[in-house]
Amino acid sequence: MTSDPTNPPPSPPPARTRAADASPWNWLLVLPIVIPLLTPLYNRKTPIFLGFPAFYWMQLSFVLIGVAATSIVYQMTKRRD
Amino acid sequence: MSPKLSDHVVEMVIFVTLFVLVSGMGFAAARWRRPESMHHLDEWGLGGRKFGTWITWFLLGGDLYTAYTFVAVPALVFSTGAMGFFAVPYTILIYPMAFLVLVRMWSVSYKHGYVTPADFVRGRFGSPTLALLVALTGIVATMPYIALQLVGIQAVLKAMGVNGHLPLVVAFIILAVYTYNSGLRAPALIAFVKDTLIYLVIIVAVIVIPYKLGGWDVIFGSAEKALSATNPKTGAPKGSLLLNANNQLQYVTLALGSALALFLYPHSLTSVLAAKNRNTIKRNMSALPAYSFLLGLIALLGYMALAASKDFGVAPIVTDGKADGNTIVPVLFDKLFPDWFAGVAFAAIGIGALVPAAIMSIAAANLFSRNIYKEYINRDATPRQQATASKIASLVVKIGAVAFILFIDPQFAIDLQLIGGVLILQTLPAVALGLYTRWFHPWALISGLVAGLAVGIGMLYQIPNPNNGKLHFGGSAYKLSEFGFDSEKQIYVGFVAVIVNLLVVIIVTAVLRQTSAPAMTDDATSQDDYFVDRATDDAPPPAAAAEPIGLAGP
């Protein structure tokens, strides 16, 4: 990393080994990214739920996985300052 | 049997009333959370960078889920079945994917006063050429998207028996004037009305229409039957309720590629940068999927239209011998809702076009004023001059969009938007990966961008569409057999192009580092800039947009 010679930062930041937003909780975000991409999981007609073939109700329910994962990661990694 | 206006008087009255009402709001928005001066891009173009969680939710929702989405996604489900449902996984995986990336973009932009993605690239990589290419790609990708919003309004007008271009022109003149006047505050305020109406209409639709048609099982049953009919042009079934062996890869790569592209669009970043702090963005990544659920229900309107074709006579409107698939949702509402509620539904779609069109034109205008006007035309431009350049550019952009629809076939706008998605995806290495690493050499990023654009356009050119007899730019699904694979499987063009782009970036960077080429390691940002947050709700941004965005010196 280089710094701007014409405009040096007031105090050099302490050396970091990890980014300031790194957290093991972030791995939870992988679930709602990967699950909707696994077509063999939901590309089927049964079980039918409220008249919806599995293909449709399952993908709609993945919305909840996305909401849950982002909410948990947000709550667990909130800066306490 | 095209619709007649005389049969749609009630709908028209409600549509026009609501339209006039929100236009008034658009003008009044200039006084909402009134700034000391509108003559600054942070105010006109970003609403003061002060929007909280709720406003951001409505603004981003109104921005990302456009009127065109609302008519085109069900139209795709109507004509092909399961493939059209890609919009659901696409809009689910976008938020966890963007969760960490967007807060970085917000922080570094807040710290340095960046207004556009190209501003960031300029500061991060110190290359005006790369920034210019990113800005041009953004403008070219956004323009047809604005034009498509007109296609959304047009579909509604057609369903009410209004043909001709005058109403479209009037609508866009009103839009252009209040955007010029109020900047980003106008769509932010109108988004409240737009989204409330859309939620209302869709909730009513998914209760009333299945009730009238005999239930969801009947809807899916008749849709399956209708889709299994043979398409005379291809000799294969029109579609099916499930994916088949050949389009699963296309489904997945299209969902993933579209998700990667969404927040690279300049207008998405405009709404993100207008948020007041990091937590506002993070909360929205949890709250925006409400719209994705809604979009899934909207997609199913396509099946409702298939199921309603026999008993209610729902079919695309035919003008001049050409069936317009985008009219299917407006026609469905027209046939199954009472007149007054159909009017509300039409207004929801019409107003739904205004919000994204305004934000897109602001975003394109900011790219012009920041990365072309300030960089190449008037280097000493004051904040006031930049704001004026943006305001005028936003008018030009909208005139261009109207001209597109008036003088060129709207189909051309649809093709260009398809291309636009592939193009904007090519800014991924510089804009998104650039937030994480400065390893890439600017020349390598330029090479990758150019290679990705070339591969993407080249592949799209080769794709025919048997349905309308087009030989080129007929879709985004590329057959693997064209690569020489013994397979009928298909893949999304943008995905292939961005992989090529990335490979070029990596290889060229590695090669340049071994040679005597200038290192070009200028970086105006420091590692901590990516985590800066607003100290208190009222704290002013540390950098005004007036500051030079690159490094000082020759």
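Residues numbered from 1 in each chain as written. Chains lettered and ligands numbered in written order. Predicted model: local features only at pLDDT ≥ 70, side-chain atom pairs only at ≥ 80, totals over all residues.

Enquirer: Pulling in residues and values, what's your account of the overall build of chain B?
Expert: A tally of helices and strands in chain B yields 22 helices and 4 strands. Taking 24 Å as the expected radius of gyration for a compact globule of 554 residues, we find that chain B reaches 23 Å, a close match to that expectation. Projected onto its principal axes, the C-alpha coordinates of chain B cover approximately 70 × 60 × 40 Å. The 554 residues of chain B split such that 59% are buried. Sequence-distant contacts, at least 24 apart, represent 82% of the contacts inside chain B between residues at least 6 apart. (Helix = DSSP H or I, 4+ residues; strand = E, 2+ residues; numbered from the N terminus. Rg over C-alpha atoms; globule rule 2.2 N^0.38 Å. Buried ≥ 20, exposed ≤ 12 C-beta atoms within 10 Å, placed from the backbone. Contact = placed C-beta atoms within 7 Å.)

Enquirer: Give a description of the overall build of chain A that names residues and reports values.
Expert: Helix and strand content of chain A: 3 helices and 0 strands. Beginning at the N terminus, the succession of helices and strands in chain A can be written as α-α-α. Across the 81 residues of chain A, 22% fall into the buried class. Here the analysis covers contacts within chain A between residues at least 6 apart in sequence; of these, 57% occur between residues at least 24 apart.

Enquirer: I'd love a proper account of the interface of chain B and chain A, names of residues and values included.
Expert: Contact residues are listed per partner, giving 42 residues for chain B and 35 residues for chain A. Of all elements in the fold, only α5 (87–112), α10 (216–228), α11 (248–262), α13 (278–287) and α14 (289–307) of chain B reach the threshold of two or more residues within the side of chain B that touches chain A. Counting residues per element, the side of chain B that touches chain A draws most heavily on α5 of chain B, at 9 residues. Across the side of chain B that touches chain A, the residue classes break down as 27 nonpolar, 9 polar and 6 charged. (Nonpolar A, V, L, I, M, F, W, Y, C, P; charged D, E, K, R; others polar.)

Enquirer: So, the packing of α5 of chain B against helix α12 (residues 266–273) of chain B: which residues are in play, and what are the values?
Expert: All names here are of chain B. Relative to each other, α5 and α12 sit at 70°, their axes nearing to 10 Å. Between α5 and α12, the angle is such that the two are roughly perpendicular. The crossing of α5 and α12 is right-handed. Across the interface between the two elements, Leu-102, Met-105, Trp-106 and Ser-109 from α5 touch Leu-269, Val-272 and Leu-273 from α12. Its residues placed into classes, the contact of α5 with α12 shows 6 nonpolar, 1 polar and no charged. (Axes fitted to C-alpha atoms, helices over the stretch in contact; angles between N-to-C directions. Parallel < 35°, antiparallel > 145°, perpendicular 65-115°, else oblique. Left-handed = near helix turned anticlockwise from the far one by under 90°.)

Enquirer: So, the packing of helix α3 (residues 53–64) of chain B against helix α9 (residues 185–213) of chain B: which residues are in play, and what are the values?
Expert: All names here are of chain B. Running from amino to carboxyl end, α3 crosses α9 at an angle of 80°, the nearest separation of the two axes being 8 Å. The orientation of α3 relative to α9 falls into the category roughly perpendicular. On the side of α3, the interface is formed by Ile-55, Phe-58, Leu-59, Gly-61 and Gly-62, while α9 contributes Pro-187, Ala-188, Ala-191, Phe-192, Lys-194 and Asp-195. A class-by-class count of the residues in the contact of α3 with α9 yields 7 nonpolar, 2 polar and 2 charged.

Enquirer: Describe in detail the nonpolar core, supporting the description with residues and values.
Expert: Residue and element names in this part refer to chain B. Met-304, Leu-332 and Ile-351 are the most contacted members of the largest nonpolar core, which totals 213 residues. Tallying contributions element by element places helix α17 (residues 339–377) first for this core, with 21 residues. Here Leu-332 is in contact with Leu-301, Met-304, Ala-305, Ala-308 and Val-314, once residues within four sequence places are set aside. (Core = buried A, V, L, I, M, F, W, Y, C linked by C-beta atoms within 7 Å.)

Enquirer: Give a detailed account of the environment of Leu-512 of chain B, specifying residues and quantitative values.
Expert: Residues and elements named next belong to chain B. Within the element layout of this structure, Leu-512 appears in helix α22 (residues 493–514). Of the residues examined, Leu-512 has 19 C-beta atoms within 10 Å and is grouped as partly exposed. Taking the C-alpha atoms as reference points, Leu-512 and Ala-444, separated by 68 residues in sequence, lie 8.1 Å from one another. When neighbours within four sequence positions are excluded, Leu-512 is seen to be in contact with His-441, Trp-443, Ala-444 and Ala-517.

Enquirer: Break down helix α8 (residues 166–182) of chain B for me, citing the residues and quoting the values.
Expert: All names here are of chain B. In a regular helix each residue adds 1.5 Å, so 17 residues correspond to 24 Å; α8 covers 24 Å between its end C-alpha atoms and thus fits that length. All of the buried residues in α8 are Ala-171, Phe-172, Leu-175, Ala-176, Tyr-178, Thr-179 and Ser-182. Next to the buried residues of α8 lie α1 (9–28), α7 (128–159), α9, α17 and α18 (383–407). Looking one or two residues beyond α8, the residue adopting positive phi is Gly-183, at roughly 65°. (Expected span 1.5 Å × (residues − 1).)

Enquirer: I'd love a proper account of the confidence of the model for chain B, names of residues and values included.
Expert: Residue and element names in this part refer to chain B. Put simply, chain B has an average pLDDT of 85, and 97% of its residues get 70 or more. Per-element mean pLDDT across chain B ranges from 77 in strand β2 (residues 322–324) up to 94 in helix α20 (residues 428–431). Scored below 50 in pLDDT, residues 545–554 shows 27 contacts in the model against residues more than four places distant or in partner chains. Complex prediction metrics read pTM 0.87 and ipTM 0.83. (pLDDT = per-residue confidence, 0-100.)

Enquirer: Pulling in residues and values, what's your account of unusual backbone geometry?
Expert: Residue and element names in this part refer to chain A. For the bond from Thr-46 to Pro-47, the omega torsion is 0°, close enough to zero to count as cis. Positionally, Pro-47 belongs in the loop between α2 (39–42) and α3 (54–77). The phi dihedral of Leu-50 falls on the positive side, at around 55°, and the residue is not glycine. Its place among the elements puts Leu-50 in the loop between α2 and α3.

Enquirer: Got a sec to walk through the confidence of the model for chain A? Specific residues and values, please.
Expert: Predicted coordinates in areas of low pLDDT are best not read in detail. Residue and element names in this part refer to chain A. In this model, chain A carries an average pLDDT of 78, and 72% of its residues clear a pLDDT of 70 or more. For the stretch residues 1–6, pLDDT sits under 50, and the model shows 12 contacts to residues farther than four places along the chain or on other chains. When the criterion is pLDDT under 50, residues 8–17 qualifies, and its contacts beyond four places in sequence or with other chains add up to 6 contacts.

Enquirer: Can you lay out the environment of Pro-53 of chain A for me, pointing to particular residues and giving the numbers?
Expert: Checked against the element boundaries, Pro-53 of chain A lands in the loop between α2 and α3. The spacing of Pro-53 of chain A and Trp-27 of chain A is 26 residues in sequence and 31 Å in space, taken between C-alpha atoms. Not counting residues up to four positions away in its chain, the partners in contact with Pro-53 of chain A are Lys-45 and Ile-48 of chain A together with Phe-220 and Leu-241 of chain B.

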